[in-house]
Amino acid sequence: MGCAVILFPVLPILFIFLFFLQNNSIKTSKYNFFTFLPLNLFEQFQRIANAYFLFLLILQLIPQISSLAWFTTVVPLVLVLAVSGVKDAIDDFNRHKSDKHVNNRPVQVLINGMLKDEKWMNVQVGDIIKLENNNFVTADLLLLSSSEPHSLTYIETAELDGETNLKVKQALTVTAELGEDLQKLTEFNGEVKCEAPNNKLDKFTGTLTLRGEKYALDNEKMLLRGCTIRNTEWCFGLVIYAGPDTKLMQNSGKTTFKRTSIDRLMNVLVLVIFAFLALMCLILAIGNGIWEYDKGYYFQVYLPWAEGVNSASYSGFLMFWSYVIILNTVVPISLYVSVEIIRLGNSFYIDWDRKMYYPLNDTPAQARTTTLNEELGQIKYIFSDKTGTLTQNIMCFNKCSINGKSYGDVYDMSGQRIEINEKVDFSYNQLADPKFAFYDHSLVEAVKLSDVPTHRFFRLLSLCHTVMPEEKKEGNLVYQAQSPDEGALVTAARNFGFVFRARTPETITIVEMGETKIYKLLAILDFNNVRKRMSVIVRSPEGDLTLYCKGADTILYELLHSSCDTLKEETTEHLNEFAGEGLRTLVVAYKNLDEDYFQEWIRRHHEASTALEGREDKLSELYEEIEKDLMLLGATAIEDKLQDGVPQTIETLAKANIKIWVLTGDKQETAMNIGYSCNLLNDDMEDVFIIEGSTSDDVLNELRKKMKPDSFLDSDEINIQFEKSSKKPKIIPDEQANGVYGLVITGHSLAYALEGNLELELVRTACLCKVVICCRVTPLQKAQVVELVKKYKKAVTLAIGDGANDVSMIKTAHIGVGISGQEGMQAVLSSDFSFAQFRYLQRLLLVHGRWSYIRMCKFLKYFFYKNFAFTLVHFWYGFFSGFSAQTVYDEWFITLYNLVYTSLPVLGMSLFDQDVDDRWSMLFPQLYVPGQQNLYFNKTVFVKCMLQGIYSSLILFFIPYGAMYNTMRSDGKAIADYQSFALMAQTCLLIVVSVQIGLDTSYWTVVNQFFIWGSLSVYFAITFTMYSDGMYLIFTASFPFIGTARNTLSQPNVWLAIFLSITLCVLPVVGFRFLKAQLKPTPSDKIPSWQYEKAKKRPPPPSPKRRLRRTSTRRSGYAFSHQHGFGALIMSGRNMRPKSPFATTGTFSPNSDKHKHKGL
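Definitions and cut-offs
Residues numbered from 1 in each chain as written. Predicted model: local features only at pLDDT ≥ 70, side-chain atom pairs only at ≥ 80, totals over all residues. Heavy atoms only, no water. Salt bridge = Lys/Arg side-chain N within 4 Å of Asp/Glu carboxyl O. Helix = DSSP H or I, 4+ residues; strand = E, 2+ residues; numbered from the N terminus. Buried < 20%, exposed > 50% of the residue type's maximum accessible area, 1.4 Å probe, protein only. Expected span 1.5 Å × (residues − 1). Polar contact = N/O pair within 3.5 Å; in protein donor to acceptor, adjacent residues only side chain to side chain. Patch = residues over 30% accessible without salt bridge, like charges linked within 9 Å, V, L, I, M, F, W, Y side chains within 5 Å. Areas by Shrake-Rupley, 256 points an atom, 1.4 Å probe, with all protein chains shown as cover. Lys, Arg positive; Asp, Glu negative; His and termini not counted. Charge placed at Lys NZ, Arg CZ, Asp CG, Glu CD. Pairing = 2+ DSSP bridges. Axes fitted to C-alpha atoms, helices over the stretch in contact; angles between N-to-C directions. Contact = heavy atoms within 4.5 Å. Phe/Tyr/Trp six-rings, centres within 6.5 Å; stacked < 30°, edge-to-face > 60°.

(A) Structural view of the pattern of salt bridges. Scanning the entire structure with this criterion turns up 32 salt bridges. Of the charged contacts, one joins Arg604 and Glu625 as a salt bridge, the two residues approaching to 2.7 Å between their closest N and O atoms. Of this pair, Arg604 sits in helix α17 (residues 595-609) while Glu625 is found in helix α18 (residues 615-626), placing the two residues 21 residues apart along the sequence. Residue classification places Arg604 among the partly exposed residues on the basis of a relative accessible area of 24%. Three or more residues joined by partner-sharing salt bridges are found here, namely Glu600, Arg603, Arg604, Glu607 and Glu625.

Pasting the structure below:
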């Protein structure tokens, strides 16, 4: 096989050795068969509560302090570990499955002079592999040769950056000679020196040494893993980086364990509860020591101390640990089982939601993780990619202005614009693209009437571009464009009768209105980011010399002849209308050239293009010279098609107080245009600030002065706060701007703004703006921006994207969402949630996220309340039982309280409860705001639950105690015994917590009713069964409460005491909630019920249509540009295929009698 030595000069020798052991397999899974159990248990015991219950289990194994059986802790603990372990195993199994699918893809590898099929995972650095059309690129390859002229290779990078337009790569001439000759490829013996593996998708630096000669390597010669080969029969490549070292995997970022803010809060609260538990145990232990010293010492005759206890203080020490065991239910282990079940259930709701199912490609929404659902209800910042996420990356020729007349809209007799769905019929044109749609029939009529400006306009569009045509079958034209914009313009010209058919380095073949014409291509004045325009100089078959130019309006208007002033004003008005609708606009112009002048100019052009020094400047001067006094033809308007519902979704999310930042690799004009299209930016804003400084000082001044000049001052509160040294993370408080602003920052300026001394200013300025757009950013910068907001703002972030360049951002944010579609699955595989369309995001957040958050908060409030009420009765009882660690309740009730009696009602509420239904959640986005502010469960709410639990425990102990104290039955027998008191206390408790969950439930279903009434029924059934004579006779030691149920619950005064307990526990809650709704209502309280009823009766609003806006602000959307230098590539002929045999024959005539009246 071919031999290639690949060196990394900057790496240590050990690393180079390890690098060459690296194969092409990837691994995204966490465990294997042997490591699963130890690693998973290690992770689970990092959760404080699990470690705490393990500690309790050890305590229960010590006879001197154990007051409960060991199985009361070990069974729930094993259940929790098993449920979490199974869930983690299923998640990791799916990752293994995905890895196996990718690693086992086939590829042809050159081995010993023959091509052999190998699995991707067996490919190694230095291998030469063959790829064919539509193959995925296996690893990061150095392109050696291909089937195309001059070893060009066309690739699609949708998997990397979400862009579906083709890009061109070219091999070195010295390797292109290898062709597909396996013998030559086998004998290939070169040395590649290159940079270490990194995540820069657009850069590569290296050298190839072959036969003593050294050749420079750059990114234009690399095929990256994740790309797809297009329109290239075959190509050979040398593996430079494999597996995890490829740029695709380097951009995947590190998978981190994401935890919700409620998880983090629960860890803090568990520590608080531990401290509270320790305090209660200490009080009871001290009480035991005092009681044993003062009273217990005299009762040792029939209440002897335990073996080994010889002092009151030692007895108090043992009682401390006994009470730790008894009172441990203040943090029940079933809490974590229930949390996992609730999250799993709410995840299934996302998977089953038909309103988030996309039928066109059979893609349902998917919750890829089950641990982050409630975080969806707290999102404050959304970071979105543009291409493929907000847009479809499909360009449509929508409107145009020709010679002062606007086409694209249809008007009635009164001059009012009307909607029309009847497409123009292009059937007369056999070369027309059947997918092209246009609705204004007057433009076709102008073409058929041979209107000179209209013909000239479409002739320009068919000649002035860098598109490559492909016609494998006659009439079946396929355009390969460097950008979708160029393809849209050439396709429009094609459908209106000016068909770009073929090109050579010197000619362009056009079929004009059925007549084939060959134009001589004399020069391409190439595009670059400074010129913002491109021109071609052609000679027509009649011998006329013409320069055709298209570009940004702001640039071309400066180059027009003075005679165009009137037409310029009319075109400007049309441009404003187009731009106001978010369309990408271009101005087109032409100039007839003098033969003598052109010959002189082309001579100077040749000299400049071969100059060794200042070549670019000299060419630029010549371009400026000839591109003067242009004659205006008109303007084009292209729609960068948004995904369905994007503007409405963004508008709805904005009403929910969610800020949206767009992070895109596109250039500034394109990004801003999309910003206006999807309602992110609008003309009602006070200002849209553009940060484009080229130094740190420039960026600093722009950030400060444009938004908040006061931030310069030392007296600024935030500056004072951040100057103080503190180990605590520094959080920037929310600041209010004096208006609505937008911020646009370029990647170059962002690089400075992300430096340590400027990042604070960037966050402050950006967070004052309603919308932030970062353009020309790298994948790493996307992740850095997200990390910056996480660092300085106390807010939950969400990142959404569709390509591999979004993976780092998706993994960095609290929540990562992948758009699953035609652009590849790399983002989806790294995401927490996925769906097919951006518009589903509003339902994910406003419905599923909000419901999940509210349900989890209600669950936690109720769970902490019922367990404080349950556990603290033991505390009060300690003062009346000599602090002896005797339990109030029957042991069976303690075991079944959380597992049977109260588990299902709270799960029913946590899985089915809705304060409002999904339609109202969407109609009133303001209901989302409390989640962002964390209002429904926080430390204050927890303290309230704790106080309510303490109050209820006092009632639940002292009312039964008072009712039982010295009480006689109706037949004169005493019932004031421990067992009767225990039964009465536990019955009061269960009914009170059942009434409480009824008060907490907003949405009643059959399931809720069944769970609540069923749990109470099960309690009484189990109680009467366990306290029966039969159970006592069979299991005497296990069921000592013989006859207690029928003796106690048959007394009217017992039920009266139960009713009093319920009333005293519930009445304050009802009163408090009533006053709160009146004095401090929640957002849902503020929306009157009549509004809900009105919304319920109102038919759903129609989908908003774009409205025509006339605005004085013109936004250039020059976005058709090809890569700089592509014009020179065309002129050189290196990318040309053999001439199509169909390119010289006309195939239709729109003016023939057969087609004369069609389409009008």
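Following the structure, the description resumes.
(B) Local environment of helix α33 (residues 939-964). Taking 1.5 Å per residue as the helical rise, α33 with its 26 residues ought to reach 38 Å, and the 37 Å between its terminal C-alpha atoms agrees with that figure. With a side-chain oxygen lying 3.1 Å from the backbone nitrogen of Thr940, the N-terminal cap of α33 falls on Asn938. Looking at the residues trailing α33, positive phi occurs at Asn966, about 55°.

(C) Here's a closer look at a nonpolar patch on the surface. A cluster of nonpolar residues, Leu279, Ile283, Phe879, Phe880 and Phe958, forms a patch on the protein surface that exposes about 450 Å² of accessible area. Structurally, Phe879 is set in the loop between α28 (840-878) and α29 (891-901).

(D) A look at a negative patch on the surface. Residues Glu180, Asp181, Glu187 and Glu233 make up a contiguous surface patch of negative charge. Residue position: Glu180 is located in the loop between α6 (173-176) and α7 (182-186).

(E) Examining the sheet that holds strand β12 (residues 228-230) more closely. If you walk across this open sheet you meet the 3 strands as β7-β6-β12, and the pairing is antiparallel. Here the strands that pair on one side only, and so sit at the sheet edges, are β7 (166-170) and β12. Strand-to-strand twist in this sheet, taken as the mean axis angle between neighbours without regard to direction, amounts to 45°. By the bridge criterion, 5 bridges tie strand β6 (residues 152-156) to β7 in an arrangement that is antiparallel. Looking across to β7, one finds that Glu156 is bridged to Leu166.

(F) Representation of the pairing of strand β29 (residues 659-663) in the model. Most of β29 is tucked away, with 5 of its 5 residues classed as buried. Every second residue of β29 is oriented toward a common face, with Lys659, Trp661 and Leu663 on one face and Ile660 and Val662 on the other, all of them buried. Bridge count between strand β15 (residues 379-384) and β29: 4 bridges; the pairing is parallel. Bridge pairing in β29 places Ser384 opposite Val662.

(G) Expanded view of the sheet that holds strand β17 (residues 405-407). As summarised here, the arrangement of the 9 strands in space is β17-β16-β28-β27-β26-β25-β24-β23-β22, forming an open sheet in which the pairing is antiparallel. The open sheet has two free edges, formed respectively by β17 and β22 (498-503), since each of these has just one partner strand. With direction set aside, neighbouring strand axes in the sheet form an average angle of 30°. Strands in contact with α18 are β24 (515-525), β25 (533-539), β26 (545-551) and β27 (584-592); relative to β24, the strand with the most contacts, it is inclined by about 130°.

(H) Local environment of the packing of aromatic side chains. Following the criterion strictly, the structure yields 53 aromatic pairs and no others. Arranged with centres 6.0 Å apart and planes meeting at 85°, the rings of Tyr381 and Trp661 form a pair that is edge-to-face. Here Trp661 lies in strand β29 and Tyr381 lies in strand β15, a separation of 280 residues in the sequence. Exposure remark for Trp661: the relative accessible area of 3% places this residue in the buried category. Here the aromatic rings of Phe880 and Phe957 are separated by 5.3 Å at their centres, their planes lie at 40°, and the arrangement is tilted. Linking Phe880 in the loop between α28 and α29 with Phe957 in helix α33, this pair joins segments that are 77 residues apart in sequence. The buried category is assigned to Phe957, whose relative accessible area is 0%.

Shape descriptors only; they carry no functional weight alone.
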